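The residues making up each chain are set out below.
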Amino acid sequence: MVRLTPSIVAIFLIEKTSSGSNFVFQWPPQPQVHFQDSPKSSEDAGIAMDILEIEEDDDGPEFNGAADENYVLGYEKGFLANMLSPRPELCNQKFEMWVDGLTFLGCPVHVGPSGEWVKRKNPSKNIEVSSMTDPSAIKEDSTSYTSANTADTKPNQYKSNSSMSLFHVVFVLNIPTASVYRPTINTLYECIVIKLVTGLKYEQAKRNYVENECKNIIKMNERNINNKISFDDFCREIPAHSNLASVLVTTYEALIHLHTAYLEINQSINITLLWPMTVSVSSLDKLELQERSSTILASQTIFNEEEPSLIEPFVAPYWSLLLLQDLESIMKRLPLSRNSLLASFITEARPTSTFTDIANSLGISLSECFLLAKHLIHWRKAIAIPPLLIRNTYVTSPTADLSKLKSDASLFKRTFPSLPSLPTFLAILSFKPRSFGSIIPSKDHESTYMEMLAWLCRRNWVYEQNSYIYVCVTPQIKEKVKGDIESESTEGQDPQLLEQLRHDDGRESLIIDPHSASLLEQKWIQAIAYEKNPELASLFLSVVKYFNGRYALQTIWIAEGLPRKSMRNVLNEYQHYLIRWYSW
C-alpha cells in the first residue's frame, strides 16, 4: 500500500481588499522545490490567468532560485496574489490549480453579499472547536468545555465592517507522481485545509482576526524594508509578533515532519491538525524504513484504518491498548476534564489488560471502549495489540533506530534505575528467542519487567514474535488421495478435479490458502484431518482455514473460541503436516 506524504513546498497567505490583492506572508522564507518537468511554462500560467480573468505583469526578472520581498518560487508576488484571489463564485470551496509542476491548494474565503463571513442559524448556542473527536470542526454545543459564550450575540455581530473581502491560505505542493496526486490532494484538503480555514473564518467573522493580522504583517514588512533588514530575518521574526503567522508556521513544520500541529488561534480556538498515517506496518518497505524508523512492526493489529482485519470482530474484546506516549504527556494534551470518560479510559488502559477488562473496570460497554480506543489510535496516541504476557516471546525489532540507542539508554536508566542497561536487555532478547518470563528473576520483579517491556515496545525496540502455520501435503497423503479418486467411477468425478490430479507431480507441497483451496487441495486436507480420530479431525477442519501464514496462532484460538489446550493438541497431533514459521 502506498503511504501518502504531504509533499508540501510552502504556505502562502493572500488577502484582497478594496485596493487590490496582497501577498501577505510565506513560509518557509526560502521554499525549495525540484521541478519534475521543465521550468515554469508561461503557457500554463497564461491559461490560469485567463480562467481567473486577471492581468499578467511582465516586468519581473527571471527566476533565480531565491525568494525576497518581491519574488517567491520564481513568481512575482503581485502576480501570485492576483492568481490566488479568485472571483467570488469560485470562493468558499476547494481551490486547486496546477501550474509548472506545482499545485496550489486552498479554500479561499470571500465575504458574503450581505457583509457576513459566516451564516449564523442559531446564535443562542455556544461555539466549540473540539480537538478530541473532530480536531477543528466548529460545532454548536451548549455544554462545551472550551467555548465562547454567544448567548447575548446581536444579530449583526458577524456582519463585516472591514475593507478585506477575501483571504486565502494556500498550500503549495510538489507531488512526485500521478498515482498519488489525487489521494494526496484529497487528504490534505479534508484533514488540514478545511479544518484550518474553518477556524480562521470563524475568528474573522467574530473579531476581524484575519484582517487585523494581515495589516499587522504588512506594516512590519514595510518597517523592515525601511530599516533594510534582510528578507530572511524578517520572515523569521514575524511569527513572534503575529499569531496567524505562527499558526501557519506551526502547520507547515508539523506537515513536513509528519507531527501533530497544536494550534491556538487568537487565544480563542484550539485546533489540532494531523496528517493521517498509521503507526504500525505489517511488512517491511526499504523506503519506509529510511523515512520512518520509528514505525512499529505489528501484523496482528486491529482498528487499523488502512488495513482492516477480517477477524477483528472476534478478537477485539481480547486485545489491549499500548499508549505511544507516557500517560502525563497525553493527559496534558487533553482539552477535557481529567474526570472525563476519555481521561479515565486513558488512565485505565494498560497493555496487559484486555478491552473487556477495561470496559468492566469503567462500567461501560465494549462498543464505547472500542470507540475511545479508535479515537486514540487515529490521533497516533496508541496502538491496539495483543496483550503483553510473560509467556509470549519478544525479540529486537529490525526497524529499531540504533542512532537513538545512546539517548534511549540514558532515558531507560532514569526510568528503570534498578534494572540492567538497555543494551543488556536488547542483547538478551536478540540472542535466542524465548518466553519473556524466563528472563524475569522473580515474582517480585514481574510488574517492573512488564512496565519495561511496554516501554521497549512503545519505542520500537522490540516486537512480539508470533507463530504462523502452513499446511504441508506429503507424498504419502497425495498417493492415498490419488488412489481413492482412481478407485471411484470416472463418471461421477468432477472433470476439474481429474485435471488437477493429472497436473500434480506427487511431490511434497504447501497449501497456500486452505480457505480458497482447489478441489484436489480440499481432498488432501480431508485426508490429513482424518488421519486422526473424528473429534480431532473436526477440530482441525475448523481451524485449518487460518493456516495460510497470515494469522498468528494466538488469534486463531481466540477467533474460534477454543481453549488453548485444544489448539495445542491440534498442533501436536498434526505436527507432521504443519510447517511453523516465526515473524512479527
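Quick notes on the rules
- Residues numbered from 1 in each chain as written.
- Predicted model: local features only at pLDDT ≥ 70, side-chain atom pairs only at ≥ 80, totals over all residues.
- Heavy atoms only, no water.
- UniProt positions renumbered as here; feature names shortened; annotations may be inferred.
- Helix = DSSP H or I, 4+ residues; strand = E, 2+ residues; numbered from the N terminus.
- Buried < 20%, exposed > 50% of the residue type's maximum accessible area, 1.4 Å probe, protein only.
- Contact = heavy atoms within 4.5 Å.
- Areas by Shrake-Rupley, 256 points an atom, 1.4 Å probe, with all protein chains shown as cover.
- Salt bridge = Lys/Arg side-chain N within 4 Å of Asp/Glu carboxyl O.
- Axes fitted to C-alpha atoms, helices over the stretch in contact; angles between N-to-C directions.
- Parallel < 35°, antiparallel > 145°, perpendicular 65-115°, else oblique.
- Nonpolar A, V, L, I, M, F, W, Y, C, P; charged D, E, K, R; others polar.
- Phe/Tyr/Trp six-rings, centres within 6.5 Å; stacked < 30°, edge-to-face > 60°.
- Pairing = 2+ DSSP bridges.
- Arc of directions from axis to C-beta.
- Core = buried A, V, L, I, M, F, W, Y, C linked by side-chain atoms within 4.5 Å.
- Patch = residues over 30% accessible without salt bridge, like charges linked within 9 Å, V, L, I, M, F, W, Y side chains within 5 Å.
- Lys, Arg positive; Asp, Glu negative; His and termini not counted.
- Charge placed at Lys NZ, Arg CZ, Asp CG, Glu CD.
- Polar contact = N/O pair within 3.5 Å; in protein donor to acceptor, adjacent residues only side chain to side chain.
- Expected span 1.5 Å × (residues − 1).

- Looking at an unreviewed UniProt entry, the chain carries the name Nitrogen permease regulator 3, with the source organism given as Schizosaccharomyces octosporus.
- Entered under Function (unreviewed entry) in the UniProt record, the comment concerning the chain runs "Mediates inactivation of the TORC1 complex in response to amino acid starvation. Required for meiotic nuclear division."
- Taken directly from UniProt, the Subcellular location (unreviewed entry) text for the chain runs: "Vacuole membrane".

1. Describing the overall build of the chain
Then comes step 1: Secondary structure assignment for the chain yields 21 helices and 21 strands.
Then comes step 2: Burial analysis of the chain (584 residues in total) assigns 49% to the buried set.
Then comes step 3: Within the chain, residue pairs in contact and separated by at least 24 positions form 70% of the contacts whose partners lie at least 6 positions apart.
Then comes step 4: A total accessible area of about 28800 Å² is found for the chain, and carbon and sulfur atoms account for 49% of it.

2. Some words on the pattern of salt bridges
Then comes step 1: Tallying each qualifying case throughout the model produces 15 salt bridges.
Then comes step 2: A salt bridge links arginine 459 to aspartate 408; the shortest N-O distance between them is 2.9 Å. Of this pair, arginine 459 sits in the loop between α15 (446–458) and β19 (462–473) while aspartate 408 sits in helix α13 (residues 405–415), and the two are 51 residues apart along the sequence.
Then comes step 3: Between glutamate 531 and lysine 480 there is a salt bridge; the shortest N-O distance is 3.3 Å. With glutamate 531 in the loop between α18 (519–529) and α19 (534–543) and lysine 480 in helix α16 (residues 475–487), this residue pair connects regions lying 51 residues apart in the sequence.
Then comes step 4: Residue class for glutamate 531 comes out partly exposed when judged on its relative accessible area of 36%.

3. Focus: the packing of helix α10 (residues 341–348) against helix α12 (residues 366–378)
Then comes step 1: It is at 11 Å that the axes of α10 and α12 come closest, and there the two elements cross at 80°. Compared by their axis directions, α10 and α12 come out roughly perpendicular. Facing α10, whose interface residues are Leu341, Leu342, Phe345 and Ile346, α12 presents Cys369, Leu372, Ala373, His375 and Leu376.
Then comes step 2: When grouped by side-chain class, the residues that make up the contact of α10 with α12 number 8 nonpolar, 1 polar and no charged.

4. As for the packing of aromatic side chains
Then comes step 1: Counted according to the given criterion, the structure contains 15 aromatic pairs.
Then comes step 2: Seen from their ring centres, phenylalanine 25 and tryptophan 27 are 6.4 Å apart, and the 20° between their planes marks the pair as stacked. With respect to burial, phenylalanine 25 and tryptophan 27 carry one shared label: buried.
Then comes step 3: Three or more aromatic residues link up through ring pairs in this structure, and these residues are Phe412, Phe416, Phe425, Tyr449 and Trp455.

5. Structural notes on the pairing of strand β17 (residues 382–385)
Then comes step 1: Alternating residues of β17 divide into Ala382 and Ala384 and Ile383 and Ile385, and every residue in both groups is buried.
Then comes step 2: Direction of pairing for strand β16 (residues 320–323) relative to β17: antiparallel, over a ladder of 4 bridges. Directly across from leucine 322, in β17, lies its bridge partner isoleucine 383.

6. Section: the environment of arginine 350
Then comes step 1: Its location among the elements puts arginine 350 in the loop between α10 and α11 (355–362).
Then comes step 2: The class for arginine 350 is partly exposed, based on a relative accessible area of 41%.
Then comes step 3: Excluding residues that lie within four positions of it along the chain, arginine 350 makes contacts with Ser320 and Leu321.

7. Points about unusual backbone geometry
Then comes step 1: Residue tryptophan 27 is joined to proline 28 through a cis peptide bond whose omega torsion reads 5°.
Then comes step 2: Along the chain, proline 28 falls in the loop between β2 (20–27) and α1 (42–52).
Then comes step 3: Phi angles above zero are rare outside glycine, and asparagine 92 is one such case at about 55°.
Then comes step 4: As for its placement among the helices and strands, asparagine 92 is situated in the loop between α2 (77–83) and β5 (95–99).
Then comes step 5: For asparagine 92, a relative accessible area of 43% puts it in the partly exposed group.
Then comes step 6: Even without being a glycine, arginine 380 presents a positive backbone phi close to 55°.
Then comes step 7: The residue arginine 380 is located in the loop between α12 and β17 in this model.

8. Here we look at α10
Then comes step 1: Listed as buried for α10 are Leu342, Ala343, Phe345 and Ile346. The arc enclosing the buried residues of α10, seen along the axis, measures out at 160°, which places them on a common side.
Then comes step 2: Where α10 is buried, its residues meet β16, α9 (327–332), α11 and α12.

9. Examining the nonpolar core
Then comes step 1: Counting 78 residues, the largest nonpolar core has Phe12, Phe25, Phe104 and Phe171 as the members making the most contacts within it.
Then comes step 2: With 12 residues, the top contributor of residues to this core is helix α3 (residues 181–207).
Then comes step 3: The contacts of phenylalanine 25, once residues within four sequence positions are left out, are Ile11, Phe12, Leu13, Ile217, Cys235, Ile238, Ala245, Leu248 and Val249.
Then comes step 4: If you look at the next biggest cluster of nonpolar residues, it comprises 35 residues, including Trp524, Leu536, Val543 and Leu562.

10. Some points on a positive patch on the surface
Then comes step 1: A cluster of basic side chains, namely Arg391, Arg564, Lys565 and Arg568, defines a positive patch on the protein surface.
Then comes step 2: Structurally, arginine 391 is set in the loop between β17 and β18 (393–396).

11. Re the packing of α13 against helix α14 (residues 422–431)
Then comes step 1: Packing of α13 against α14 brings their axes to within 8 Å, and their N-to-C directions diverge by 105°. Classified by the angle between their axes, α13 and α14 sit roughly perpendicular to one another. Residues Leu405, Asp408, Ala409 and Phe412 of α13 form the contact with α14, whose own contacting residues are Leu422, Pro423, Phe425 and Leu426.
Then comes step 2: Of the residues contributing to the contact of α13 with α14, the split by class is 7 nonpolar, no polar and 1 charged.

12. Overview of the side chain of serine 7
Then comes step 1: Checked against the element boundaries, serine 7 lands in the segment before β1 (8–17).
Then comes step 2: When its relative accessible area of 18% is taken as the criterion, serine 7 is described as buried.
Then comes step 3: For serine 7, the residues in contact, after removing those within four places along its chain, are Val172, Leu173, Asn174, Ile175 and Pro176.

13. A word on a nonpolar patch on the surface
Then comes step 1: Side chains of Leu510, Ile512 and Ile579 sit close together on the surface and give an oily, nonpolar patch of about 240 Å² of accessible area.
Then comes step 2: Checked against the element boundaries, isoleucine 512 lands in the loop between β20 (509–511) and α18.

14. A look at the environment of serine 163
Then comes step 1: With respect to the helices, strands and loops of the structure, serine 163 is situated in the loop between β10 (147–148) and β11 (164–173).
Then comes step 2: C-alpha of serine 163 to C-alpha of lysine 16: the two residues are 147 residues apart in sequence and 8.6 Å apart in space.
Then comes step 3: Those residues within four positions of serine 163 in sequence are excluded, and the remaining contacts are Lys16, Thr17, Ser18 and Glu211.
Then comes step 4: Looking at serine 163, its side chain comes within polar contact range of the side chain of glutamate 211, at 3.1 Å.

15. Digging into α16
Then comes step 1: Taking 1.5 Å of rise per residue, 13 residues should cover 18 Å, and α16 covers 18 Å from first to last C-alpha, within 8% of that figure.
Then comes step 2: Ile477, Lys478, Val481 and Ile485 are the residues of α16 that are buried. When α16 is viewed along its axis, its buried side chains cluster within an angular range of 100° and face the same direction. Turned more than 90 degrees away from the buried face of α16, the exposed residues are Gln476, Glu479, Glu486 and Ser487.
Then comes step 3: Against β19, α17 (495–503), β20 and α18 lie the buried residues of α16.

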